[in-house]
Amino acid sequence: MVKTAYDKESASSYDLKRFTTQSGQLIHEIEVSILTEALNKLDTKEASILEVGCGTGRLLIEVILAGYKANGLDPSLHMLTQSRKKLQSDLFQTKLVLGEAAHLPFKTNHYEFVYTIRVLNQTTSHLYALDTIIEMIRIAKPNGLILVEFMNHYRLGLDRRRVRLGPEQVVDRVNKKNIRLRPKEIFQIAKNNNSNVVWLRGAFFFGMTGLNIMPEFAIQLVSKVDQFFSKLFPGLCSRCYILLQKDAA
Ligand SMILES: C[S@@+](CC[C@H](N)C(=O)[O-])C[C@H]1O[C@@H](n2cnc3c(N)ncnc32)[C@H](O)[C@@H]1O
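Scoring rules and cut-offs
- Position numbers for residues count from 1 along each chain, tracking the sequence in the order it is written.
- The model is predicted, so local features are restricted to residues of pLDDT at least 70 and side-chain atom pairs to those at 80 or more, both for listing and for counting; the totals for chains, interfaces and linings are taken over all residues.
- Secondary structure is summarised from DSSP: a helix means a run of H or I of at least four residues, a strand means a run of E of at least two, and numbering begins at the N terminus for each.
- Radius of gyration here is computed from C-alpha atoms only, and the compact-globule reference equals 2.2 Å multiplied by the residue count raised to the power 0.38.
- Using C-beta atoms placed from the backbone, we call a residue buried if 20 or more other C-beta atoms fall within 10 Å of its own, exposed if 12 or fewer do, and partly exposed for counts in between.
- A residue pair is marked as a contact if its C-beta atoms, positioned from the backbone, fall within 7 Å.
- We call two strands paired when DSSP finds no fewer than two bridges between them.
- A crossover counts as right-handed when, viewed with the strands pointing away from the observer, the path leading from the first strand over the helix to the second turns clockwise.
- Using a C-beta atom placed from the backbone for every residue, we mark a residue as near a molecule or strand if that atom lies within 6 Å of it.
- Polar here means any residue outside two lists: the nonpolar Ala, Val, Leu, Ile, Met, Phe, Trp, Tyr, Cys and Pro, and the charged Asp, Glu, Lys and Arg; Gly therefore counts as polar.
- Residues enter a nonpolar core if they are buried, belong to Ala, Val, Leu, Ile, Met, Phe, Trp, Tyr or Cys, and are joined to the set through C-beta atoms within 7 Å.
- Throughout, an axis means a line fitted to C-alpha atoms (over the contacting stretch in the case of helices), and angles, computed between N-to-C directions, take values from 0 to 180 degrees.
- Roughly parallel means an angle under 35 degrees; roughly antiparallel, over 145; roughly perpendicular, 65 to 115; everything else is oblique.
- Note: crossing handedness is left-handed where the near helix turns anticlockwise from the far helix by less than a right angle, and right-handed where it turns clockwise.
- Per residue, pLDDT measures the predictor's confidence, with a range of 0 to 100.
- The directions from the helix axis to the C-beta atoms are what the arc is built from.

(A) The overall build of the protein, seen in detail. Along the backbone of the protein there are eight helices and eight strands. The C-alpha atoms of the protein give 17 Å as radius of gyration, which agrees with the globular expectation for 249 residues (18 Å, within 12%). Expressed as lengths along the three principal axes of its C-alpha atoms, the size of the protein is roughly 50 × 40 × 35 Å. Taken across its 249 residues, the protein has 41% of its residues classed as buried. If you take every contact in the protein between residues at least 6 apart in sequence, the share linking residues at least 24 apart comes to 78%.

The structure is reproduced here in structure tokens:
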């Protein structure tokens, strides 16, 4: 059993607590837009896609609604159950696999697009997070794309641990010790594993906490300012996204 896999209670409240408020919906939209930018690099909607740590299928369903076929992997049966509910009629073409990120149960050169979002920061160690990226590259096909989202070591934004929130704010039990990575570590992994960096994007320059604690009337404006700074200084954002491409065979 993976220690960081979400339990039943976290699984049943995950979407509701994080993505139903105005700021939560905005955060979801920003994440989907970066994922979409990466997906647009694919030549065909027939590409094979895997989300590592798919959770409740929040992003998987967006990928499927955009016309792709995608599979998901997660070590939490409870999260996979939520995914199954959400996917419903799309389930016949979606495989939901129980497994963990640093030991992906797939053959080398298997997927055309592999992505992970909001997972690496919650893994058990820095080394585990880096091993996951190596695994994702391993299972990507030659010329395949790998999208890695991570909490940035160089983030300037507010940190949940340093901000006292009201009782209505959620604090993940598994989120207490966030793993932060440096973009240059991922560039090095790419170099050592026959891959190239396609781009680096940043999001939540002021931190997700910043958006979550804003009064509703100010959220749109603050988010616009945040997105402006995120574009200008991606390497200083709280969350970074790096798109890699595996070399041709
Ligand atoms: C914050 S949720 C993110 C879910 C989804 N990617 C999203 O953005 O909505 C983190 C997910 O990672 C899963 N997880 C935790 N440890 C993992 C590991 N070692 N390998 C793969 N997934 C893991 C958890 O069970 C949970 O579903």
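(B) Fine view of the pairing of strand β4 (residues 111-116). Burial within β4 is extensive, with six of its six residues counted as buried. Relative to β4, strand β1 (residues 48-52) runs parallel, the two sharing three bridges. Counted as the bridge partner of Glu-51 is Tyr-115 from β4. Bridge count for β4 against strand β5 (residues 140-152) is five bridges, and the pairing is parallel. Paired with Val-114 across the bridge in β5 is Ile-146. The handedness of the β4 to β5 crossover, carried by helix α5 (residues 126-139), is right-handed.

(C) Spotlight on the environment of Trp-199. By secondary structure assignment, the location of Trp-199 is in strand β7 (residues 195-203). Through-space distance from the C-alpha of Trp-199 to that of Ala-38 is 9.2 Å; in sequence the pair is 161 residues apart.

(D) Region of the structure containing the site of the ligand. Inspection of the region around the ligand gives 21 residues, with Thr-4, Gly-53, Gly-55, Ser-76 and Ala-101 positioned closest. Each residue belonging to the shell around the ligand can be placed in one class, and the counts come to 11 nonpolar, six polar and four charged.

(E) View of the nonpolar core. Among the nonpolar cores identified, the biggest contains 54 residues, and Val-52, Val-114, Met-136, Ile-146, Leu-147 and Val-148 are the most heavily contacted of them. With seven residues, β5 is the single largest residue contributor to this core. Residues in contact with Val-52, not counting those within four places in the same chain, are Leu-73, Ala-101, Leu-104, Val-114, Thr-116, Val-119, Thr-132 and Met-136. Counting residues in each nonpolar core, the second largest holds seven residues, with Ala-5, Tyr-6, Ala-11 and Leu-96 among its members.

(F) View of the packing of helix α2 (residues 22-39) against helix α8 (residues 216-232). At a minimum axis separation of 10 Å, α2 and α8 run at an interaxial angle of 20°. Classified by the angle between their axes, α2 and α8 sit roughly parallel to one another. The two elements α2 and α8 meet at a crossing, and its hand is right-handed. In contact with Gln-22, Ser-23 and Leu-26 of α2, α8 contributes Glu-216, Ile-219 and Ser-223. Grouping the amino acids of the contact of α2 with α8 by side-chain chemistry returns two nonpolar, three polar and one charged.

(G) Molecular detail of the confidence of the model for the protein. On average, residues of the protein score 91 in pLDDT, and 91% of them are at 70 or above. Segment residues 162-175: pLDDT under 50, and 10 contacts once partners within four positions in sequence are set aside and those in other chains are kept.

(H) Seen up close, helix α6 (residues 183-192). Residues Ile-186, Ile-189 and Ala-190 constitute the buried set of α6. Buried residues along α6 cover an arc of 100° about the axis, so they all sit on one side. Exposed positions of α6 whose direction lies more than 90 degrees from the buried face are Lys-184, Gln-188, Lys-191 and Asn-192. Considering only its buried residues, α6 is in contact with α5, β5, β6 (180-181), β7 and β8 (239-246). A positive backbone phi angle near 55° is found at Asn-194, which sits one or two residues after α6.

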